[in-house]
Amino acid sequence: MLKELSIPRHVAIIMDGNGRWAKQKNLPRQAGHNAGAKAVERVINAAQKYGVEFLTFYAFSTENWSRPKEEIDGLMKLLEQTLDKYAKNAEKNNVRLLVSGRKEPLPPSILDKIARVTQATAQKTGLTVNLALNYGSRAELLDAFSKLISQGITHPTEADVQRCLYQPALPDPDLLIRTSGEERLSNFLLWQCAYTEFYFTPTLWPDFSEEDFKKALEDFSRRTRRFGSI
Ligand code: FPP
């Protein structure tokens, strides 16, 4: 049945609700993040199955540094392990990994893993997974404006701004999914989501299944996209 659906080329995901999932189960918040990492794997597999070309995950925002140190350390460790795993599995997977965000103040161990995995998967031709890590959309736009100024461009076109984004070659997301019942963008892909369809679900991210992903695709398929036209 999904064969007849119009599949979004690029799906962006705000993975929300890890903390609440853990709290409901009387577990530490880190257990929620660990379960969230498993949901990431499920969605990567589902995206490959349904023919999505690009997946962007909001893994750590520029605002997340205000969380307790213990939680930040746990998240950084989990992200490092995930990057490591992708680097090691690079040979058997056809997934290209990109990482988007400011380098400062990410720990050198993570920066090293990012360099390794992006290099190891650069030539892959299957799904592209873009991890937004220390990412903030306002920071991305400010970085783009600084680049434009340094290039002497005082009256930029949309194409000039696009060229200066962290991932200029990625198409805009067709579909954005946010879990856990929150319905806001939280400084994610503000420029890129100008015409994106939004899908909100009460499901907490660690519970997000292949079936939930399929439901989001089916919902997307029923939308009429007009891009400002009639
Ligand atoms: C939001 O839940 C989630 C995050 C801030 C981190 C997202 C990270 C992961 C899912 C871990 C692994 C990621 C990858 C790419 C391997 P929250 O903690 O804000 O939940 P709450 O709103 O219920 O407290």
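Located above this text is the structure these notes cover.
These numbers were taken from a predicted model, which means no experiment stands behind them.

Here we come to the sheet that holds strand 4 (residues 128–135). Overall, parallel pairing links the six strands, which are arranged 3-4-2-1-5-6 in an open sheet. Each edge of the open sheet is held by one strand with a lone partner, namely strand 3 (96–100) and strand 6 (197–200). The sheet shows a mean angle of 20 degrees between the axes of neighbouring strands, taken without regard to direction. Lying over the sheet, helix 7 (residues 210–221) contacts strand 1 (10–14), strand 5 (175–178) and strand 6, oriented at roughly 140 degrees with respect to strand 5.

In this structure, Ile13, Leu55, Phe57, Ile177, Trp205 and Phe213 are the most contacted members of the largest nonpolar core, which totals 41 residues. A per-element tally of this core places helix 2 (residues 29–50) first, with seven residues. Not counting chain neighbours up to four residues away, the residues in contact with isoleucine 13 comprise Val43, Leu55, Thr56, Phe57, Tyr58, Ile177, Phe188 and Trp205. One finds Tyr58, Tyr166, Leu185 and Leu189 within the second-largest nonpolar core, a separate group that totals twelve residues.

What follows is about the site of the ligand. As a structural note, the neighbourhood of the ligand is formed by 20 residues, with Met15, Gly19, Arg20, Arg29 and Arg67 the closest of them. Asparagine 18 places a polar main-chain atom, nitrogen or oxygen, 3.1 Å from an oxygen atom of the ligand. Contact between the ligand and arginine 29: an oxygen atom at 2.9 Å from a side-chain N or O atom of the residue. Only helix 1 (18–24), helix 2 and helix 3 (69–89) provide two or more residues apiece to the shell around the ligand. The element contributing the most residues to the shell around the ligand is helix 2, with five residues. Tallied by class, the residues present in the shell around the ligand amount to nine nonpolar, seven polar and four charged.

As a further point, take the packing of aromatic side chains. Taken as a whole and assessed by the stated rule, the structure comprises nine aromatic pairs. Ring centres of tryptophan 205 and phenylalanine 208 lie 5.2 Å apart, and the angle between their planes is 20 degrees; on these two criteria the pair is classed as stacked. We note that tryptophan 205, like phenylalanine 208, is buried. Joined through ring pairs, the aromatic side chains of Tyr58, Tyr135, Tyr166 and Phe188 make up one cluster.

Calculation rules
- Residues numbered from 1 in each chain as written.
- Predicted model: local features only at pLDDT ≥ 70, side-chain atom pairs only at ≥ 80, totals over all residues.
- Heavy atoms only, no water.
- Pairing = 2+ DSSP bridges.
- Helix = DSSP H or I, 4+ residues; strand = E, 2+ residues; numbered from the N terminus.
- Axes fitted to C-alpha atoms, helices over the stretch in contact; angles between N-to-C directions.
- Contact = heavy atoms within 4.5 Å.
- Core = buried A, V, L, I, M, F, W, Y, C linked by side-chain atoms within 4.5 Å.
- Buried < 20%, exposed > 50% of the residue type's maximum accessible area, 1.4 Å probe, protein only.
- Near = heavy atom within 4 Å.
- Polar contact = N/O pair within 3.5 Å; in protein donor to acceptor, adjacent residues only side chain to side chain.
- Nonpolar A, V, L, I, M, F, W, Y, C, P; charged D, E, K, R; others polar.
- Phe/Tyr/Trp six-rings, centres within 6.5 Å; stacked < 30°, edge-to-face > 60°.

What is shown is where atoms sit, not what they do.
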